[in-house]
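Descriptive structure summary
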Amino acid sequence: MAGTTIIKQLGNRKIVVADSAAGMDEKFKGDVFVDGSHCGQNVGEMTIHNKMGAMIGNDAGMGKNKAGIAALKMCDEHGIPAAAVAAMSAKIGDGMSTYKDGQISVANETAKKIGVSAGMSAKEAADKLLESLAKSGK
Amino acid sequence: MTHEIHKVVKESGGLRIVIADSATSISEANKNDIVVDGSHCGANIAPDYVLPNGVRGMIGNDAGIGMENAGIASLKTLAEHGIPAAAVSSMSAEIGIGPSTYNDGIISTVNEVAKKMGVTTGMSAKEAADKMLAGISK
């Protein structure tokens, strides 16, 4: 089972870290979910289904048809900011590594508007997402 | 936790080859199965999903291998438990999509147990799964 750790809280929004996107749950609705999973299609479905506020995962080296970041576009379509860290910057499967070591390789359009950009640390990106979500009050 | 329905592609002597998008959907129902999935083979996959459920063989995605070979970390763990495991190249199959691992995947990395069963780099995932099934049945 995938454990989850709450790293930070701002207003009613949290940064939640987990090894796997399977740790997503409706109890984290509206929160920033940082995990060690790839950002493939099924992770996009989990993010949308569980109504995450934002998501940061691993780009899994992008791979065939950029399957490793397929979730980013799907999240855009639902107005969810999402970004991926480079597979060479963080250990896939290790959520804390995504959070502490990760360097953003790709941000979706929604995340870009919040100021998340390639080359930024995952920590800084998560903070930007948390602040934006807390401010929105949605 | 994900609740996907697994596709059984082969059954022989009480063993099955099943396809799943995510290793996180592995449950006790997969006891004695060879699971071919769309997940990375990171450190969390073996202890969190494969080992507790009695899975007999695993093929996943190498996720570009990545930082400290994190994308294939579970292969060694599974070898220590006598379980054959292999990963397909992330450029050969779309991560997150189990049928792509099974139908398109080309093996990039093999653990010691799978090697003894004849699984080799460059082999199709389909053939590798068959070799595991034959190897375990012996």
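Here's a quick rundown of the structure. Fair warning: this is a prediction, and the values are worked out from it, not measured in the lab. (Residues numbered from 1 in each chain as written. Chains lettered and ligands numbered in written order. Predicted model: local features only at pLDDT ≥ 70, side-chain atom pairs only at ≥ 80, totals over all residues.)

1. Notes on the overall build of chain B
In terms of helices and strands, chain B carries 5 helices and 6 strands. Beginning at the N terminus, the succession of helices and strands in chain B can be written as β-β-β-α-β-α-β-α-β-α-α. For chain B, whose C-alpha radius of gyration is 13 Å, the value lies close to the compact-globule estimate of 14 Å for 138 residues. Along the first, second and third principal axes, the C-alpha atoms of chain B reach 40 × 35 × 30 Å. Looking at chain B as a whole, 59% of its 138 residues qualify as buried. By sequence separation, contacts in chain B at least 24 residues apart represent 51% of the contacts at least 6 residues apart. (Helix = DSSP H or I, 4+ residues; strand = E, 2+ residues; numbered from the N terminus. Rg over C-alpha atoms; globule rule 2.2 N^0.38 Å. Buried ≥ 20, exposed ≤ 12 C-beta atoms within 10 Å, placed from the backbone. Contact = placed C-beta atoms within 7 Å.)

2. Considering helix H2 (residues 73-80) of chain B
Residues and elements named next belong to chain B. Residues Ala73, Ser74, Leu75 and Leu78 constitute the buried set of H2. On its buried side, H2 packs onto helix H1 (45-50), strand E4 (57-61), strand E5 (85-88) and strand E6 (107-110). Trailing H2 by a residue or two, glycine 82 shows a phi angle of about 75°, which is positive.

3. Section: the sheet that holds E4(B)
Residue and element names in this part refer to chain B. Here 6 strands make up an open sheet; going across it, the order is E1-E2-E3-E4-E5-E6 and the pairing mixed. Each edge of the open sheet is held by one strand with a lone partner, namely strand E1 (7-12) and E6. Along the sheet, successive strands turn relative to each other by an average axial angle of 20°, direction set aside. In this structure, strand E2 (residues 15-20) lies alongside strand E3 (residues 33-40), joined through 5 bridges in parallel fashion. From the neighbouring strand, arginine 16 faces E3, where its bridge partner is aspartate 33. Across the sheet, H2 touches E4, E5 and E6, and the angle it forms with E5 is around 165°. (Pairing = 2+ DSSP bridges. Axes fitted to C-alpha atoms, helices over the stretch in contact; angles between N-to-C directions.)

4. What to know about the interface of chain B and chain A
Accessible area lost upon the coming together of the parts serves often as the stated size of an interface. The partner chain A presents 28 residues to the 28 residues of chain B that form the contact. Mapped by element, the contributors of at least two residues to the side of chain B that touches chain A are E3 and H1 of chain B. Residues of the side of chain B that touches chain A, tallied by class, amount to 11 nonpolar, 13 polar and 4 charged. (Nonpolar A, V, L, I, M, F, W, Y, C, P; charged D, E, K, R; others polar.)

5. Details of helix H1 (residues 41-49) of chain A
For an α-helix, the turn length of 3.6 residues means that residues three or four places apart are oriented alike. Looking at H1(A), one finds that the buried residues are Asn42(A), Val43(A), Gly44(A), Met46(A) and Thr47(A). Tucked inside the fold, the buried residues of H1(A) contact strand E3 (32-38), strand E4 (54-58), helix H2 (70-77) and strand E5 (82-85) of chain A together with E3 of chain B. Positive phi appears at Lys51(A), one or two residues downstream of H1(A), with a value of about 55°.

6. Some thoughts on the nonpolar core
Formed by 94 residues in total, the largest nonpolar core has its most connected members in Val32(A), Val34(A), Ala82(A), Ala83(A) and Ala126(A). Among the elements that take part in this core, helix H5 (residues 122-136) of chain A stands out by supplying 6 residues, more than any other. (Core = buried A, V, L, I, M, F, W, Y, C linked by C-beta atoms within 7 Å.)

7. A look at the packing of H1(A) against H2(A)
All names here are of chain A. With their axes 7 Å apart at the nearest point, H1 and H2 run at an angle of 30° to one another. It follows that H1 is roughly parallel to H2 by the angle criterion. H1 and H2 meet at a crossing whose hand is right-handed. Taken together, the residues of H2 that come into contact with H1 (itself represented by Gln41, Val43, Gly44, Thr47 and Ile48) are Ala70, Ala71, Met74 and Cys75. For the contact of H1 with H2, the class distribution of residues is 6 nonpolar, 3 polar and no charged. (Parallel < 35°, antiparallel > 145°, perpendicular 65-115°, else oblique. Left-handed = near helix turned anticlockwise from the far one by under 90°.)

8. A few points about the environment of Lys66(A)
Within the secondary structure layout, Lys66(A) lies in the loop between E4 and H2. When the C-alpha positions of Lys66(A) and Glu124(A) are compared, they lie 24 Å apart, and in sequence the two are 58 residues distant.

9. A closer look at the sheet that holds E4(A)
All names here are of chain A. Strand order in this open sheet of 6 strands is E1-E2-E3-E4-E5-E6, and the pairing throughout is mixed. Pairing within the sheet leaves two strands with one partner each, and these edge strands are strand E1 (4-10) and strand E6 (104-107). Each strand axis lies, on average, 20° off the axis of its neighbour in the sheet, ignoring direction. Sheet topology note: the E3/E4 ladder contains 4 bridges and is parallel. Pairing of valine 34 across the sheet is with isoleucine 56, part of E4. The strands touched by H2 are E4, E5 and E6; relative to E5, the strand with the most contacts, the crossing angle is about 165°.

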